[in-house]
Amino acid sequence: HAKVAGRSQTSFFNPKMTRDLVRRREIEDELRSAIMRDELSIYFQPIIHLDTGKIHTFEALVRWFHPEKGELRPDEFIPVAEETGVIVTLGNWITAQAAKACAQWPEHVSVAVNLSPMQIRAPGAALGIINALREANLDPHRLELEVTESLFVDDNHATAVFMEELSSRGVRFALDDFGTGYSSLGYINSFPFSKIKVDRSFVSGPNVGKKTDAIIRAVAKLGSQLDMDIVAEGIETIDQVQSVREAGCTLGQGYYFSRAVPDYLAAMLLTQESDDDKPARAQA
Ligand code: C2E
Ligand code: MG
Ligand code: MG
Ligand code: MG
């Protein structure tokens, strides 16, 4: 008897797998009500002009402060939201919050929001974004939507309609995590992108060197010829700032400048910046 029980315990589900499944199931169950319970919050990470050091955009990054599990990262719950379809409601809420925050900032500062493929393919997707802009009274030019190449694996028609509808109103699009997928130049040609974000694996970490430098240089050159901004993601050191600048990137993002911060701190960074711009008082 003992032998049989022992074997069945170790066969398919080991304790770690069971724990992971339970956690995933809990996340799935609790995500729907997390918005109503006010557990989700949007953080903002600045994207910096590498020439001037000024803030160009804030990227909205969602956080879940779970009462028992603590801070959950989007990498853990966004995939669950996608699988369950909750991403549509969640995504509309995120866009609305981000647009509201941006409406409080100086006009030269934009907000970037990440969109999942499923959000884009949902019926009325473009309308959800247009409504969020209208409710926040935000100029569409100040919203940028970040998508990854995973969007283009199928149903490009729906994607094209969505992107055309919004870009005709002034909303801009960025191709996120460039270099990690197919990195197809066809997407850049066929869809209205105004920005390419070079994935952080080319900027910092163990694989960075001469080769990644050359790749960034090539992408930056492409960007300047096509009149697109090139953002280097994941900048963690001053050396990396220098090397991506020399490679031709116009914008940078990463822990070297700032992590994602709550809205009141984002507003403080902007206030500080505008105070710095004021002419210094004449010395007595
Ligand atoms: P992403 O859009 O590529 O966002 C950048 C991620 O890199 C963020 O992680 C950011 O905190 C992190 N990061 C920024 N600078 C550095 C750096 O210097 N070093 C390192 N090691 N990391 C850096 P986060 O916030 O955990 O988000 C992870 C991913 O989750 C995002 O990747 C995005 O794909 C997704 N995500 C986040 N918020 C949303 C959202 O509101 N909606 C959707 N659909 N996806 C989201
Ligand atoms: Mg992004
Ligand atoms: Mg990215
Ligand atoms: Mg990334």
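Analysis parameters
Residues numbered from 1 in each chain as written. Chains lettered and ligands numbered in written order. Predicted model: local features only at pLDDT ≥ 70, side-chain atom pairs only at ≥ 80, totals over all residues. Heavy atoms only, no water. Near = heavy atom within 4 Å. Polar contact = N/O pair within 3.5 Å; in protein donor to acceptor, adjacent residues only side chain to side chain. Areas by Shrake-Rupley, 256 points an atom, 1.4 Å probe, with all protein chains shown as cover. Helix = DSSP H or I, 4+ residues; strand = E, 2+ residues; numbered from the N terminus. pLDDT = per-residue confidence, 0-100. Donors = N, O, S within 2.8 Å, 3.2 Å for Na, K, Ca; no water. Buried < 20%, exposed > 50% of the residue type's maximum accessible area, 1.4 Å probe, protein only. Patch = residues over 30% accessible without salt bridge, like charges linked within 9 Å, V, L, I, M, F, W, Y side chains within 5 Å. Salt bridge = Lys/Arg side-chain N within 4 Å of Asp/Glu carboxyl O. Pairing = 2+ DSSP bridges. Right-handed = clockwise from strand over helix to strand, strands pointing away. Expected span 1.5 Å × (residues − 1). Arc of directions from axis to C-beta. Contact = heavy atoms within 4.5 Å.

As named in an unreviewed UniProt entry, the protein is EAL domain-containing protein, taken from Altererythrobacter rubellus.

**Brief notes about the site of ligand 1**
In the neighbourhood of ligand 1, 23 residues make up the surrounding shell, with Arg 63, Arg 73, Asn 114, Glu 236 and Tyr 255 lying closest. Within the contact set of ligand 1, a nitrogen atom lies 3.1 Å away from a side-chain nitrogen or oxygen of Gln 45. Ser 116 places a polar side-chain atom, nitrogen or oxygen, 2.9 Å from a nitrogen atom of ligand 1. Coverage of ligand 1 by the protein chains reaches 87% of its 800 Å² of free accessible surface. Those elements giving two or more residues to the shell around ligand 1 turn out to be strand E2 (55-66), helix H3 (74-84) and strand E6 (172-178). Of the residues forming the shell around ligand 1, the biggest block, 4 residues, is contributed by E2.

**Focus: the confidence of the model for the protein**
With 94% of its residues at a pLDDT of at least 70, the protein reaches an overall mean of 91. On the interface metric, ipTM, the complex scores 0.98, and its pTM is 0.93.

**Some thoughts on the coordination of the magnesium ion (ligand 3)**
Six octahedral donors around a metal ideally make angles of 90 or 180 degrees; four tetrahedral donors ideally make 109.5 degrees. Bound to the magnesium ion (ligand 3) on the protein side are Asp 176 (OD), Asp 177 (OD) and Glu 233 (OE), at distances that span 1.9 to 2.4 Å. In primary-sequence terms, the residues that donate to the magnesium ion (ligand 3) follow D-D-x55-E. In this structure the magnesium ion (ligand 2) is found 3.7 Å away from the magnesium ion (ligand 3), and Asp 176 serves as a bridging donor for the pair. You can call Asp 177 partly exposed: its relative accessible area is 26%.

**Let's talk about the environment of Val 161**
Topologically, Val 161 is positioned in helix H7 (residues 156-167). Here Val 161 falls in the partly exposed class, since its relative accessible area comes to 45%. Taking C-alpha positions, Val 161 is 40 Å from Lys 69, a pair spaced 92 residues apart along the chain.

**Some remarks on a nonpolar patch on the surface**
The grouping of Phe 13, Met 17 and Leu 21 at the surface amounts to a nonpolar patch, some 290 Å² of accessible area in total. Along the polypeptide, Met 17 turns up in helix H2 (residues 15-34).

**Describing the pairing of E6**
Of all 7 residues in E6, 5 are buried; the element is thus mostly enclosed. In terms of strand pairing, strand E5 (residues 143-147) meets E6 through 4 bridges, oriented parallel. Bridge pairing in E6 links Glu 146 to Ala 174. Pairing of E6 with strand E7 (residues 195-198), which is carried by 3 bridges, proceeds in the parallel orientation. Paired with Ala 174 across the strands is Lys 195, a residue of E7. A crossover connection joins E6 to the parallel E7 through helix H8 (residues 185-190); in handedness this β-α-β unit is right-handed.

**Side note on H7**
The terminal C-alpha atoms of H7 lie 16 Å apart, and with 12 residues this matches the ideal 16 Å at 1.5 Å per residue to within 8%. Inspection of H7 places Thr 159, Phe 162, Met 163 and Leu 166 among the buried residues, and these make up the whole buried set. On an axial view of H7, the arc spanned by its buried residues comes to 90°, and they lie on one face. For H7, the secondary structure elements touched by its buried residues are helix H5 (117-121), helix H6 (125-136), E5 and E6.

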